[in-house]
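Understanding the architecture of this molecule
As a plain string of letters, each chain reads:
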Amino acid sequence: MTATAPPSYVRNQIVVGGRWRDPSGGDVIEVVSPATEQVVGSAVAATVADVDLAVAAAAHAHATGPWRHATMEERVAVVERMCAALEPRLEDVLQLVTWEMGVPIRASRALHRDMAVGSVRHACAAARRVVVEEYREGVVDALVRLEPVGVVASVAPWNGPFLQALYKIVYPLLAGCPVVFKPAPETPLDAFHVAEAFAEAGLPEGMLSILPGGPALGEYLVGHPGVDAVFFTGSTETGRRIGGVCGAAMRRMVLELGGKSAAIVLDDADLSAAVPSLGSGAFGNTGQNCAATSRILVARSRHDELVEALVATAEALTVGDPLDEGTDLGPLVSRRQRDRVEGYTRLALDDGAVAAAPGGRPADLPRGWFLRPTVLAGVDNSARIAQEEVFGPVVCVIPFDDDADAVRMADDSPYGLHGAVHTADEDRALSVARAVRTGTFSVNGFVLNSERPFGGVKASGVGRKYGVEGIREFMEVKTVNLARGAGTFSAR
Ligand code: NAD
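Predicted model only: the values in this text are computed from it and were never measured. Within any chain, residue numbers begin from 1 and follow the written order of that chain's sequence. Under the rules for a predicted model, residues below a pLDDT of 70 receive no local features and side-chain atom pairs below 80 are neither given nor counted, while totals for whole chains, interfaces and linings still include all residues. Note that water and hydrogens are dropped before the side-chain values are worked out from all heavy atoms of the structure.

Examining the overall build of the protein chain
What counts, and what does not: Secondary structure elements are taken from DSSP: a helix is a run of H or I of four residues or more, a strand is a run of E of two residues or more, and numbering for both begins at the N terminus. It is over C-alpha atoms that the radius of gyration is taken, and the globule rule equals 2.2 Å times the number of residues to the power 0.38. When a residue's accessible area, from a 1.4 Å probe over protein chains only, is under 20% of the maximum for its type it is buried; when over 50% it is exposed; and in between it is partly exposed.
Secondary structure assignment for the protein chain yields 16 helices and 23 strands. For the protein chain, the C-alpha radius of gyration of 23 Å lies close to 23 Å, the compact-globule estimate for 492 residues. By its C-alpha atoms, the protein chain is 70 × 60 × 40 Å across when sized along the principal axes. Out of the 492 residues belonging to the protein chain, those deemed buried represent 58%.

Following this line, the structure appears as structure tokens:
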């Protein structure tokens with residue numbers, strides 16, 4: 001890293017119900033820079049006793065506090081004040097995320113400043129559009145209300161830690177729910193900035209807890225009897241486990257899980273416009289994006305041309321120091337993640353894939369968990385490299401015969417998170433976009449849109465984040481039937 005000395009980000013306390021306090025145990029989570037392999041910070045770990053306290057504080061606030069009965073406008077005002085309180089901290093946050101998980105500073109600015117702040121503004125706009133109570137005339141007139149679901153356990157991954165902390169806290173809060181948030185152990189520090197900003201904004205007591213910890217703490221939290229809903233983002237494997245817990249407890253859940261999304265390049269596509277976005281879709285955040293379009297399905301007649309252009313794009317990317325403004329690709333988040341990506345690439349080559357851009361560890365970067373981007377051609381859609389989420393800078397290119405074949409191959413996947421189509425023909429674009437079974441889709445681009453609902457189908461999850469839909473996930477419908485005197489009620 002270009003900095004002369006590594007920073008030391010230290011958090012000695014946790015947040016329970018909006019108050020800073022010592023945790024009940026003494027374990028410390030070390031934060032290791034994936035670029036230098038040095039320890040650059042630490043956070044004290046919360047314990048199950050802290051989860052008990054945080055859930056109790058949240059349940060008490062929900063039962064007795066003002067937030068549940070506040071109007072949407074009152075909640076939005078607090079969130080907007082929080083957003084203003086974040087502004088002066090954002091430059092520090094960008095650096096922190098870069099040290100924590102290696103995202104290049106330029107990308108960090110786009111994701112953890114522009115998109116993060118944008119996502120909060122969009123959340124406020126969406127909240128204003130939620131119809132909280134509606135009078136419906138009928139055989140029996142009724143009020144149909146949306147009420148906050150109760151205590152929300154939010155559990156996040158490491159791959160976009162500040163953005164994820166923000167939306168996983170803000171959406172349930174806007175719905176009227178207290179939040180107990182557990183960050184990933186790789187990135188335990190960012191959410192504290194959100195808690196500080198909410199404290200300055202005057203969020204009522206009990207409404208927010210930040211509990212750093214690993215899988216065991218997460219498992220205890222999502223299974224806690226005081227939790228009413230779970231908002232989880234992470235792997236499909238963990239999501240299935242949490243889904244089982246929520247099913248048994250009859251608990252509402254939003255699960256944002258993995259993906260193996262396909263970008264479809266039709267025979268009429270303008271490759272000079274498509275290839276840069278195919279590059280970002282495959283290699284952005286070093287491929288550690290749930291929405292990454294890590295399978296590229298291309299019309300057979302354009303296959304060789306596309307592979308050549310993608311290889312040129314991959315080879316032009318600068319891999320290196322994430323603090324350097326010129327860096328395109330930082331390291332993988334951990335040694336384990338790099339080993340996993342290398343394992344998948346070896347497997348693909350053993351299965352007969354051709355490494356058009358070979359990837360591998362850059363010789364000039366002896367420290368850090370760096371990999372150059374890999375482009376694999378000659379891949380069969382049924383191969384493991386095309387079916388399983390790699391979560392690294394590896395893309396496979398697979399030819400198809402016609403549009404129907406492309407849709408069939410895109411859908412031949414356990415996942416259904418995202419996807420894209422590139423074509424000069426609007427009608428063909430929309431017909432492909434409507435046919436593919438995913439929760440999100442982009443036309444002629446790779447778009448991460450925090451203004452509209454986002455989520456997956458099949459093994460990519462249940463429920464949606466963002467938009468009005470993202471707030472309604474944390475609200476229950478209550479019908480109040482007005483058996484007598486409906487005329488009087490409607491006059492109100
Ligand atoms: P992970 O499932 O290993 O961990 C995610 C979080 O869950 C961490 O905080 C972890 O400590 C916690 N956890 C682990 N086991 C748990 C359990 N049994 N009960 C409760 N909590 C538990 O995932 P990861 O490796 O941190 O993140 C990468 C994954 O996240 C990828 O699969 C990626 O696609 C997915 N992801 C999805 C989206 C989306 O919007 N769909 C967004 C970002 C990341």
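Let's pick the thread back up.
Examining the side chain of T345
What counts here: In this description, contact between two residues means that some pair of their heavy atoms is separated by no more than 4.5 Å.
With respect to the helices, strands and loops of the structure, T345 is situated in helix α11 (residues 335–350). Discounting chain neighbours no more than four positions away, the residues touching T345 are T374 and V394.

Topic: the site of the ligand
For clarity, the cut-off: Working definition: residue near molecule or strand if any one of its non-hydrogen atoms lies within 4 Å of it. Polar contact is defined as a pair of N or O atoms within 3.5 Å, subject to the rule that within protein one atom must be able to donate a hydrogen and the other to accept it, and that residues adjacent in sequence are counted only when both atoms are side-chain atoms. Where accessible areas are quoted, they stem from the Shrake-Rupley method and a 1.4 Å probe; at the residue level, only the protein chains shown are allowed to cover. Under the scheme applied, nonpolar residues are Ala, Val, Leu, Ile, Met, Phe, Trp, Tyr, Cys and Pro; charged residues are Asp, Glu, Lys and Arg; polar residues are all the others, including Gly. Domain delimitation in this document rests on an assignment produced automatically or drawn from a domain database.
What surrounds the ligand is a group of 30 residues, the closest being A156, S235, T238, L257 and E389. The separation between an oxygen atom of the ligand and a polar main-chain atom of G234 is 3.3 Å. Contact distances for the ligand include 2.8 Å between an oxygen atom and a side-chain N or O atom of T238. Relative to its unbound accessible surface of 850 Å², the ligand loses 90% to contact with the protein. Among the elements of the structure, α7 (215–222), β11 (229–233) and α8 (236–249) are those that each provide at least two residues to the shell around the ligand. For the shell around the ligand, the residue count by class is 15 nonpolar, nine polar and six charged. In terms of domain composition, the shell around the ligand takes at least three residues from each of domain 1 (7–257 + 460–477) and domain 2 (262–443).

Some thoughts on the environment of F446
Checked against the element boundaries, F446 lands in the loop between β20 (442–443) and β21 (457–458). It is 9.3 Å that separates the C-alpha atoms of F446 and A274, two residues lying 172 residues apart in sequence. Ignoring sequence-local partners within four residues, the contact set of F446 consists of S277, S280, G281, N289, A291, A292, T293 and H418.

With respect to the nonpolar core
As a reminder of what qualifies: Only buried Ala, Val, Leu, Ile, Met, Phe, Trp, Tyr and Cys residues count toward a nonpolar core, and they belong to the same one when joined by side-chain atoms within 4.5 Å.
Of all hydrophobic cores here, the largest spans 71 residues; its most connected members are M82, F198 and I471. The element contributing the most residues to this core is helix α5 (residues 161–175), with eleven residues. Those residues in contact with M82, other than ones at most four positions away along the chain, are V120, L166, V170, V194, A197, F198 and A201. With 29 residues, the next largest nonpolar core counts L371, I398, A410 and V432 among its residues.

Some remarks on unusual backbone geometry
As a rule of thumb, non-glycine residues mostly have phi less than zero, and peptide bonds are mostly trans rather than cis. Here N444, not a glycine, exhibits a phi torsion of approximately 55 degrees, which is positive. Residue position: N444 is located in the loop between β20 and β21. Positioned with a positive phi, K458 is a non-glycine residue whose angle comes to about 50 degrees. One can find K458 in strand β21. Since its relative accessible area comes to 31%, K458 is described here as partly exposed.

Focus: the pairing of strand β19 (residues 419–422)
Note the cut-off: When DSSP finds at least two bridges between two strands, those strands are taken to pair.
Of the two faces of β19, the one carrying G419 and V421 and the one carrying A420 and H422 are both buried. Strand direction decides the pairing type here: strand β13 (residues 262–265) and β19, joined by four bridges, are parallel. Within β19, the position partnered with A262 by the bridge is G419. Looking at chain direction, β19 and β20 are connected through two bridges and run parallel.

Concerning the layout of surface pockets
To be explicit about the condition: Residues are called lining when one of their atoms sits within 4 Å of a cavity or pocket point, these points coming from a 1 Å grid over the protein atoms alone, where a cavity is a set in which a 1.4 Å probe fits but cannot get out and a pocket is an open set with protein on both sides within 12 Å along at least five of seven lines. Grid points are joined across faces, edges and corners, and a volume is the space filled by probe spheres set on the points.
Taken as a whole, the second largest pocket spans an internal volume of roughly 520 Å³. In this structure, the second largest pocket is lined by 22 residues; those nearest its centre are A107, S280, G284, N285 and D328. Looking at the lining of the second largest pocket, the elements that each hand over two or more residues are α4 (105–129) and α9 (271–283). Looking at which domains feed residues into the lining of the second largest pocket, each of domain 1 (7–257 + 460–477) and domain 2 (262–443) supplies at least three.

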